[in-house]
Amino acid sequence: MLTARLTGDWDRLRGVFNTLPGQMQRAGTAALREEGEHLRAEMVAGIASGAPGGYPFAPLSPLTLLLGGGGRPMMRSRALVWSIVVTEERGGVFVGIRGDRVKIAQLHAAGASYRRTLSPRQRRWFFGALRRAGQTPTPGAGVGMVRLPPRPIVGPVISKAFGGGFAMGERLRKSFARNMGGVLGTA
């Protein structure tokens, strides 16, 4: 009869196999969270530079610049910038805009045109601003068209990430290995 005897640290190996599923779940979640934070940073940097994902925003209209809305699109209040969040969800991570700014973000992403009726007070302010800027206001019914050109934030960054522009897969792999603490090798 043949007999075999196993040598080695079997208790340690058994311990590793018993904790491996939970550790892999935590490492995967942590890696996705890190990538989500990276994508959020890319979106914020894209808004600040005026070209998320390398796609430049449409410039501000001459009227916006004339009325003192100068600077870069979406940077005056930075409300949309601070609305970009990273949250963990069932088996994944959400990166985008949540809360009361979602509809505003959707308007900016798709672009919109709508009629705006000015109150008498708004008309006085608007015509006064035009006069201060050296323009001659043309009296009308107090109805104007507001046009927001498309200025998407999330889509171009995600498109670039999945197109290979950020080396997403390599970052995820390294982050996962680092969060595993060397159990499956090194990053």
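Everything discussed here concerns the structure shown above.
About the thresholds
Residues numbered from 1 in each chain as written. Predicted model: local features only at pLDDT ≥ 70, side-chain atom pairs only at ≥ 80, totals over all residues. Heavy atoms only, no water. Core = buried A, V, L, I, M, F, W, Y, C linked by side-chain atoms within 4.5 Å. Buried < 20%, exposed > 50% of the residue type's maximum accessible area, 1.4 Å probe, protein only. Helix = DSSP H or I, 4+ residues; strand = E, 2+ residues; numbered from the N terminus. Contact = heavy atoms within 4.5 Å. Salt bridge = Lys/Arg side-chain N within 4 Å of Asp/Glu carboxyl O. Arc of directions from axis to C-beta.

Caption draft 1: Geometry of the nonpolar core. Counting residues in hydrophobic clusters, the biggest one holds 18 residues, and the most contacted among them are Ile47, Ile84 and Ile153. Listing elements by their share of this core, those giving two or more residues are α1 (10-49), α3 (79-83), β1 (84-89), β2 (92-97) and α6 (154-162). Ranked by residue count, the leading element in this core is α1, at 4 residues. For Ile84, the residues in contact, after removing those within four places along its chain, are Arg40, Met43, Val44, Ile47, Gly96, Ile97 and Ile153.

Caption draft 2: Looking closely at the pattern of salt bridges. Going through the model one piece at a time under the given rule, you end up with 6 salt bridges. We note a salt bridge from Asp11 to Arg14, for which the minimum N-O separation is 2.9 Å. Taken together, the residues Asp11 and Arg14, both in helix α1 and 3 residues apart, mark about one turn of the helix. Taking the relative accessible area as the measure of exposure, Arg14 reaches 47% and is therefore partly exposed. A salt bridge links Arg33 to Glu37, with the shortest nitrogen-to-oxygen separation between them at 3.4 Å. A residue pair is termed a helical-turn pair when its members lie 3 or 4 positions apart in one helix, as Arg33 and Glu37 do in helix α1 at 4 residues.

Caption draft 3: Focus on α6. Inspection of α6 places Pro156, Val157 and Ala161 among the buried residues, and these make up the whole buried set. Buried residues of α6, seen end-on, are gathered within an arc of 135° and therefore sit on one face of the element. Those residues of α6 hidden inside the fold are in contact with α1 and α7 (168-179).

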